[in-house]
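Here is how the chains run, residue by residue.
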Amino acid sequence: MAKATTTIRQVLNYQPHRAAWFAANQTLFNQIAAFYFEVIQAHEKVLDLSNKDALTALEMLTHATKKNPIPVMPLAALGTAIPAMFRRAAINAALGSARSFYSHLQKWRKRKEKAMAKGKTFTERPPVPPRTWNKSVPFYAGQWKERSASSIVLKVWTGSCWSWIKVRITGRELPPDAEIGSPSLIRRGKEWWLHTPIEKHFSSPAPIEKQVTTNAHTTICAVDLNLNEQTAVCTIQTVEGTILATRFIGGGREISGFRKKQLGRIARNRRKTGIIAEGEQDNAALWRKLGHRDEDLAHRVSARIVQFAKAHGATVLVFEHLGNLKPEKGKYSRRGNSKRAFWMKGRIFRSAKYKAYHEGILTSRVNPRNTSRECARCYGVVVRYQQGQPAQGYTPGVPLVLCPQCAMKGNADRNASLVIGQRLIARYGQASQEKPPTPLLRQERGEKSPGVAVCQDAKGQEEPSLLQAGHADSNEHGTAQDVSLRMDEHSSDILRQLRFPCE
């Protein structure tokens, strides 16, 4: 069995005065955690024990009971009648911080000994214990009850007493088939949120090599990430070479324009003073706005990729390994836009990886070299050209592709995504012997061709852009018949982008 863990984040709706109670509850928790960190420093051998045994030992040192009426370092100085689960949560927080601190300290000592043995001057400062504590409060069993889809009852320290309070919660509901962990009270700005970890258990998927080499019906979803209008192009194909479906996720020019506008505002603000304070973030609100938008888009795009793969029964998700992309030269906003577009590719991959695993889909990456220059049908060198222009040469970023060897014509990024999938199959020597690779030769209903950029070339990029999160257009009836792909159809015959509601 495999296990996938994620966190459900929900907003708490409460009366204004209860915010002070939550703050007092967190303050007390951090005071107790700091106290137990000092206890661990005084009894370092506790760290040699397992977490369970260490917790028992620390309680013996601090908590008064009938069998242990006079503890060595009593906790009573911080307060009486502290709930056991609250205390144990603080102990676990202190244990985690102590293990981290002593691990870093041990590594520092080894580096110092190594430098001293070689006669070198060692100037690196040693790690120091936490000076301040700002841990969020987890609610173990007994600290919460009566949880429903819209409310929960929490036991908190109000500053004067322990009290059960009921608060309403809004946001994503907990899945019914998941194992719920201990929720935590998290402060985000002026609001308080409830974060609940959940675990989902499912049958472990077979390794990719086994899936590809032993099952001829294995279906993979190959993804080509781009920089212009089509942010991602996904194709569903079998290991035998049959193309089942294609989806274009577009709208990249809109987010590119948004990002360029914000970067331009930042540049103009910087010119007004000509000074950037050291150690301080300039234009913090604008940078935060950019970061939030990019993070949101990465989650939206990755979610649509995984949904598309799951809908067609794909068990493997494959991307290019894009790690050496460099922004093009130009003005500040252009370079910054390009750089953040490249970062978006990594965010999409990371988000898609864990989302896919939650659905039992494994993720892999292949060599990106020349994926946009290779024909998916005959593996020859292709011509890439703009609609209405002569089919000759290779122009990065334009939407159409032509193979002089086999006369294949089609969408350039769809061809690249097919090559990506074929490279995964070839890695494990599963090139089909019964039938040649499926030609890229049928006009799929609803396929969009213009406005797609090549994403494999690390240098000389066209102006990058990313997905407008709520846009995608798809074709789910692709086939492998030998019919010429008509890329010069009238624009009215091509489906318009579908607008997804905000999630």
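You'll find the structure just up there.
All values reported here derive from a predicted model rather than from experimental measurement. (Residues numbered from 1 in each chain as written. Predicted model: local features only at pLDDT ≥ 70, side-chain atom pairs only at ≥ 80, totals over all residues. Heavy atoms only, no water.)

Novice: It is not clear to me how the nonpolar core should be interpreted in this structure. Could you clarify?
Specialist: Soluble globular proteins: nonpolar side chains tend toward being buried together. Grouped together as the largest cluster of nonpolar side chains are 45 residues, with contacts concentrated most on Leu12, Phe22, Ile32, Tyr36, Leu58 and Phe86. Looking at this core, the elements with two or more residues in it are helix H1 (18-42), helix H2 (51-62), helix H3 (84-117), strand E4 (151-157), strand E5 (162-171) and strand E8 (191-202). It is H3 that provides the largest number of residues to this core, a total of 12 residues. In this structure, tyrosine 36 is in contact with Leu58, Thr62, Leu75, Arg87, Ile91 and Ala94, ignoring residues within four places of it in sequence. Core analysis: the second largest hydrophobic core is formed by 30 residues, Val223, Ile236, Ala245 and Phe258 among them. (Core = buried A, V, L, I, M, F, W, Y, C linked by side-chain atoms within 4.5 Å. Buried < 20%, exposed > 50% of the residue type's maximum accessible area, 1.4 Å probe, protein only. Helix = DSSP H or I, 4+ residues; strand = E, 2+ residues; numbered from the N terminus. Contact = heavy atoms within 4.5 Å.)

Novice: Help me out: how do you make sense of the pairing of strand E13 (residues 362-366) in this one?
Specialist: Each regular strand shows side chains that alternate between the opposite faces of the sheet. Counting buried positions along E13 yields four of five residues, so the element is predominantly enclosed. Pairing between strand E12 (residues 316-320) and E13: five bridges, direction parallel. Residue pairing across strands places leucine 317 opposite threonine 363, the latter belonging to E13. (Pairing = 2+ DSSP bridges.)

Novice: Can you walk me through helix H5 (residues 252-273) in this structure?
Specialist: Residue pairs three or four apart in sequence face the same way in an α-helix, which turns once every 3.6 residues. When the terminal C-alpha atoms of H5 are compared, their 33 Å separation across 22 residues agrees well with the 32 Å that a helix rising 1.5 Å per residue should span. Listed in full, the buried residues belonging to H5 are Gly252, Ile255, Ser256, Phe258, Arg259, Gln262, Leu263, Gly264, Ile266 and Ala267. Once H5 finishes, glycine 274 follows within two positions and takes phi at roughly 75 degrees, a positive value. (Expected span 1.5 Å × (residues − 1).)

Novice: What should I look at first to understand the packing of H1 against H3 in this one?
Specialist: Geometry of a packed helix pair, given as the angle between the helix axes and the separation of the axes. Relative to each other, H1 and H3 sit at 50 degrees, their axes nearing to 8 Å. Relative to H3, the element H1 is oriented oblique. When the axes of H1 and H3 are compared, the crossing they make is right-handed. On H3, the residues touching Asn25, Leu28, Phe29, Ile32, Ala33, Tyr36, Phe37, Ile40 and Gln41 of H1 are Phe86, Arg87, Ala89, Ala90, Ile91, Ala93, Ala94, Leu95, Ser97, Ala98, Phe101 and Tyr102. Within the contact of H1 with H3, the residues separate by chemical class into 17 nonpolar, three polar and one charged. (Axes fitted to C-alpha atoms, helices over the stretch in contact; angles between N-to-C directions. Parallel < 35°, antiparallel > 145°, perpendicular 65-115°, else oblique. Left-handed = near helix turned anticlockwise from the far one by under 90°. Nonpolar A, V, L, I, M, F, W, Y, C, P; charged D, E, K, R; others polar.)

Novice: Quick question: what am I supposed to make of the packing of H2 against H3 here?
Specialist: Remark: H2 packs on H3, axes separated minimally by 10 Å, with the N-to-C direction vectors making an angle of 115 degrees. As H2 runs across H3, the sense of the crossing is right-handed. Judged by residue contacts, Asn51, Ala54, Leu55, Leu58 and Glu59 of H2 engage Arg87, Arg88, Ile91, Asn92, Leu95 and Arg99 from H3. When the residues that make up the contact of H2 with H3 are grouped by side-chain class, the tally is five nonpolar, two polar and four charged.

Novice: What am I meant to see in the environment of arginine 304 here?
Specialist: Note that arginine 304 resides in helix H6 (residues 284-311). Residues arginine 304 and arginine 247, 57 residues apart in the sequence, show an inter-C-alpha distance of 9.7 Å.

Novice: Just to check I follow, could you spell out the environment of alanine 314 for this structure?
Specialist: Position of alanine 314 among the secondary structure elements: in the loop between H6 and E12. Separated by 47 residues in sequence, alanine 314 and isoleucine 361 have C-alpha atoms that sit 7.3 Å apart. Those residues in contact with alanine 314 that lie beyond four places of it in its chain are Thr219, Ile220, Cys221, Ile236, Ala309 and Ile361.

Novice: Mind showing me how you'd approach the pattern of salt bridges here?
Specialist: Any two side chains of opposite charge can pair, on the condition that their charged atoms come close. Under the counting rule described, the total for this entry stands at 12 salt bridges. For the salt bridge of arginine 259 with aspartate 294, the shortest nitrogen-to-oxygen distance reads 3.3 Å. Of this pair, arginine 259 sits in helix H5 while aspartate 294 sits in helix H6, placing them 35 residues apart in sequence. Of the two residues, arginine 259 and aspartate 294, neither departs from the other in class, the shared state being buried. (Salt bridge = Lys/Arg side-chain N within 4 Å of Asp/Glu carboxyl O.)

Novice: For this particular structure, what's the right way to read unusual backbone geometry?
Specialist: Trans is the common state for peptide bonds, and a negative phi is the common state for residues other than glycine. Notably, asparagine 283 is not glycine yet its phi reads approximately 50 degrees, a positive angle. Considering the arrangement of structural elements, one finds asparagine 283 in the loop between H5 and H6. In this structure, asparagine 370 takes a positive phi of about 60 degrees despite not being glycine. Summarising the element assignment, asparagine 370 is placed in the loop between E13 and strand E14 (383-385). The partly exposed category is assigned to asparagine 370, whose relative accessible area is 37%.

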